[in-house]
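Architecture at a glance
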Amino acid sequence: MHAPTPEEVAARMAAAGITGLKPDDLAWLTAAAARTFTLPAECPVTTVPAPVFVPLMRDHE
Amino acid sequence: MSEPGYWSIAECARRLRAREISSEELTRALLARIERLDGALNSFLLVTPERALAAARSADAEIARGDYRGGLHGVPYAAKDIIDVAGLPTTCHSAIRRDHVAESDAEIITRLNDAGAVLIGKTALHEFATGGPSLDLPWPPARNPWNREVHPGGSSSGSGAALAAGLVPMTLGTDTGGSIRHPATACGVVGIKPTYNAVSLEGVFPLSFSLDHAGPLTRDVTDNAIALAALLRPQDARRIGCAVDCDAPDAPFPNIGDGLAGLTVGVFEDFYRSEADPEIAAATDAAVRRIAELGAVVKPLRVSPLATYNSCGRLLLQAESWAVHADWLRTRHGEYGERGRRRLLAGALLSAGDYVKAQQLRAHLAREIHAAMRDCDFAITASSLVFPARIDDAAAIERTYDRAARMPFNLNGAPALSLPAGFSKTGLPIGVQIVGHPWGEAMVYRGALALEAALGFAGRHPPQFP
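Report follows, based on the coordinates. Model, not experiment: these values are computed from the prediction.

Attention now goes to the overall build of chain A. Helices and strands together make up the secondary structure of chain A, namely three helices and zero strands. Listing each helix as α and each strand as β along chain A from the N terminus yields α-α-α. Going through the 61 residues of chain A one by one, you find that 18% of them count as buried.

This is the structure in structure tokens:
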């Protein structure tokens, strides 16, 4: 997963309809994205039915 | 009358049923304690004395005429202010919801009304259960009774603090990535995140619908079992093996006192051995040794790194919470606190593909835990990996936010309970988690009750709140 640049963060926010953010909000979001928005490559992404826990928890129908 | 602040639910129930004290007297005593002490803690956003006293008088009348409903009848409690109570605001600790008034009770409030419990007020939280602690909201953040300068954990901050200070014997919280277990750990009380969907979320403002759970916090394990029993739907109570009996309200789970001899207990040791503060790791290892001394077979469990679980959960939480808040963030983002605004905005950076991949990874991780625990009756691991930071140190709060081993059990939906397991050299509580199989709450309580008795940390109170 690609960590966005500051310009990309601003563009994504604008595309989502978020305008008027303070520069320090954009800086925080850029840093947070770089730090946290990564699904680890070493853990396989599977094709098992998702979410698999639902049958375990059962619905109440 | 002795000071009832630290009476357990079980003790309140015994005294109420024996009519040694009335619910009105008990409620008045706790209201007075809140009035006297909560100015230093901010654990309550709203106290509702008239409503509470009316409910207490009603409970007294029913008990007097022999219509005893069970272990919560006439017992005061408080609810996290993200849970609807008809006629009261559900602010979610946010200016966004300052003027909201709930039209009906959440299902769990209805269940507690049916049990005869007495709502005494609504407790502080992180803004919308994610953005806290924050000093820029209409109400101040709750403080930790063990040290007012440090974070009480969150997001159910007030629910943990009010219990620890003896303001009420039971609170309700919600837990999306640890928000019941974190304040339970930080405040030295007991909190359970039950099996996903075992406790209704109807009438609870959502944060992340596939990770959200509701559950009770109490000061000991027995009380927690009593509280959970009242919250379960009848069909789920049967599935869990919970048998509420008005003649034995202290024992809603028949076999939780059977001890640990002959059980097999897994240890998620990689979740804490290398990453936890040394005092926390040592306390967790000591708890594992006590479990072995009580006759259980202890075996290590190997699963993916904790960081994988936390990354997956964080991504799901941010995507799902964005879906809840997008409209408000487009038009009113300036009304959120800084921390809440930023955390919720982060979801806008995620794509649909990111979310789907995270759900697929979540399925893999959930299966992994279930497979690892297949031969175990329950498992144990640390709760927080670090001690709470100073509440006014934003950078330290950021660094410590995800240093915990709680998210794995939001991802797999299995029950997880935090109970006190020691104290740091500086006097801050340490907690460990007991983790079960889905619908395995009875075994979680059995493990927690035995460990609580062996460790002996239940019943300690913050020195500044005698």
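After that view, the rundown keeps rolling.
Regarding its fold elements, chain B presents 15 helices and 11 strands. Expected size for 466 residues packed as a compact globule is a radius of gyration near 23 Å; at 20 Å, chain B falls within 12% of this value. In chain B, buried positions account for 62% of the 466 residues. When contacts within chain B are restricted to residue pairs at least 6 apart in sequence, those whose partners lie at least 24 apart make up 77%.

Let us now look at the sheet that holds strand β8 (residues 297-300) of chain B. All names here are of chain B. Taken in spatial order, the 11 strands make up an open sheet running β1-β3-β2-β4-β6-β5-β10-β11-β9-β7-β8, and their pairing is mixed. The open sheet is flanked by β1 (44-47) and β8, the only strands paired with a single partner. Taken pair by pair, the neighbouring strands of this sheet meet at an average axis angle of 30°, ignoring direction. When strand β4 (residues 170-175) meets strand β6 (residues 213-218), the two strands line up antiparallel, connected through six bridges. Looking at β6, one finds that Leu172 is bridged to Pro216. Sheet strands in contact with helix α5 (residues 157-164) are β1, β2 (76-80), β3 (118-123), β4 and β6, and its direction is about 155° off that of β4.

Relative to the assigned elements, Ser58 of chain B resides in helix α3 (residues 49-64). Along the sequence, Ser58 of chain B and Gly116 of chain B sit 58 residues apart, while their C-alpha atoms lie 8.6 Å from each other.

This paragraph deals with the nonpolar core. Soluble, globular proteins show a tendency: their nonpolar side chains are buried together. Residue and element names in this part refer to chain B. Tyr77, Val118 and Ala379 are the most contacted members of the largest nonpolar core, which has 163 residues in total. Tallying contributions element by element places helix α10 (residues 306-332) first for this core, with nine residues. Setting aside residues up to four positions removed in sequence, Ala379 forms contacts with Val265, Gly266, Val267, Phe268, Leu301, Met373 and Val435.

This next bit is on the pairing of strand β9 (residues 378-382) of chain B. Residue and element names in this part refer to chain B. Burial of β9 is extensive: five of the five residues sit out of reach of the surface. Summarising the sheet, strand β7 (residues 264-267) and β9 pair through three bridges and their orientation is parallel. Within β9, the position partnered with Gly266 by the bridge is Ala379. Judged from the four bridges that link them, β9 and strand β11 (residues 429-435) form a sheet pairing that is antiparallel. Following the sheet pairing, Ala382 is matched in β11 by Val432.

Quick notes on the rules
- Residues numbered from 1 in each chain as written.
- Chains lettered and ligands numbered in written order.
- Predicted model: local features only at pLDDT ≥ 70, side-chain atom pairs only at ≥ 80, totals over all residues.
- Helix = DSSP H or I, 4+ residues; strand = E, 2+ residues; numbered from the N terminus.
- Buried ≥ 20, exposed ≤ 12 C-beta atoms within 10 Å, placed from the backbone.
- Rg over C-alpha atoms; globule rule 2.2 N^0.38 Å.
- Contact = placed C-beta atoms within 7 Å.
- Pairing = 2+ DSSP bridges.
- Axes fitted to C-alpha atoms, helices over the stretch in contact; angles between N-to-C directions.
- Core = buried A, V, L, I, M, F, W, Y, C linked by C-beta atoms within 7 Å.

Spatial relationships are all this shows, so hold off on functional conclusions.
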